[in-house]
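Residues per chain are reported as follows:
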2 protein chains.
Amino acid sequence: MFDPVCPSGLSPIRVGDKWAGMIIRCLEQGPRRFSELRVPLRGITAKVLTQSLRGLERSGLVVRTVHAGPPRQVEYGLTPLGRSLLEPMAALCAWTEEHWDELLDAREAETAI
Amino acid sequence: MFDPVCPSGLSPIRVGDKWAGMIIRCLEQGPRRFSELRVPLRGITAKVLTQSLRGLERSGLVVRTVHAGPPRQVEYGLTPLGRSLLEPMAALCAWTEEHWDELLDAREAETAI
DNA sequence: ACGGGTGGTTACCGGCGGGATACCGGCCGG
DNA sequence: CCGGCCGGTATCCCGCCGGTAACCACCCGT
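Structural notes, computed from the coordinates.

Parameters at a glance
- Each chain has its residues counted from 1, following the order in which its sequence is written.
- Lettering of chains starts at A and numbering of ligands starts at 1, both following the order in which they are written.
- A pLDDT threshold of at least 70 governs which residues receive local features in this predicted model, and a stricter bar of 80 or more applies before side-chain atom pairs are shown or counted, although totals over entire chains, interfaces and linings include all residues.
- Here the side-chain values reflect all heavy atoms present in the structure, with hydrogen atoms and water set aside.
- Whether a residue is near a molecule or strand is decided by its heavy atoms; if any one of them lies within 4 Å of it, the residue is near.
- Contacts described as polar in this section are N or O atom pairs within 3.5 Å, which, within protein, must combine one atom able to donate a hydrogen with one able to accept it, while residues neighboring in sequence count only if both atoms come from side chains.
- Helix and strand labels come from DSSP, where a helix needs a run of H or I of at least four residues and a strand needs a run of E of at least two; each type is numbered from the N terminus.
- Polar here means any residue outside two lists: the nonpolar Ala, Val, Leu, Ile, Met, Phe, Trp, Tyr, Cys and Pro, and the charged Asp, Glu, Lys and Arg; Gly therefore counts as polar.
- Classification of residues uses two cut-offs on accessible area relative to the type maximum, computed with a 1.4 Å probe and protein chains only: under 20% is buried, over 50% is exposed, and between them is partly exposed.
- Between two residues, a contact is recorded if the distance between any of their heavy atoms is within 4.5 Å.

## A word on the protein's contact with DNA strand D
Taken together, the neighbourhood of DNA strand D is formed by 19 residues, with Ser35(A), Arg64(A), Tyr76(A), Lys18(B) and Lys47(B) sitting nearest. Taking the atoms of DNA strand D that fall within 4 Å of the protein, sugar and phosphate contribute 63% of them. Contact between DNA strand D and Ser35(A): a phosphate oxygen at 2.6 Å from a side-chain N or O atom of the residue. Between DNA strand D and Arg64(A) there is a distance of 2.3 Å, counted from a phosphate oxygen to a side-chain nitrogen or oxygen. Put simply, the parts of the chain that give the surface near DNA strand D at least two residues each are helix H2 (34-38), helix H3 (46-58) and strand S4 (73-78) of chain A together with helix H3 (46-58) of chain B. Considering every element that reaches the surface near DNA strand D, the biggest residue donor is H3(A), with four residues. Looking at the surface near DNA strand D residue by residue, the classes come out as seven nonpolar, four polar and eight charged.

## Re the side chain of His99(B)
Note that His99(B) resides in helix H4 (residues 80-112). Classification of His99(B) by relative accessible area gives buried; the value is 11%. A polar contact is formed between the side chain of His99(B) and the side chain of Glu102(B), at a distance of 2.8 Å. Setting aside chain neighbours within four positions, we find His99(B) in contact with Leu81(A) and Ser84(A).

In structure tokens, the structure reads:
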């Protein structure tokens, strides 16, 4: 599948809470189901994913749609508002990718002192 | 002086730690001294400002220069790397300003439930 | 000599973000 | 009937972020 955004612990960039940015990018190409989201976001626990998704819902960036089952199916997708956030976020991600090495270098230079 | 960025508690956007984004924007127009930074960042305490600045230094986004006194003077300015971050950040800030109302509306709609 | 302003550092502390773990209701395959 | 997968919820707990307060070295004006 698609890769998660940068290992955000090192990045100076965050959107919303720790995972929100990555979630939004994971939804870029269309709605995903709960467990589909857990795959690219390696390591996220169900609770934290739920929390983040609820937060994004509350901000009107994400919609939760329950497709009546029986195989009960829940999809999360971007609202137009959420989609509009993709552009500036992409700019930031491009920046991070472009300057990743410099950021790492700066860290190492400091810790070497 | 210039205004701080949006009251970040509500914004889904954060850069680095709580204050880093605002600090960077405050340095947009040139280096500032420690106490000059405390003015636009109303409410920031000396410790937290120091912390944030050290973090930004560690990431290579900000430089600290001590101008030999006697009136000991310390200036913080953006590195080229830091300056390059201004563009994508501006895009994000523009987005936030543009969609501020929608974000607030979404919050209120939810809390009304 | 003394108080006050600048530019910090250090010690302490509380809240909450987020991780681990356990559990749960509904449905399905065997 | 039993176990397992989906989509969560409940609970506990720990670390870290950020705030308060105290302290400090240096210089200046009186």
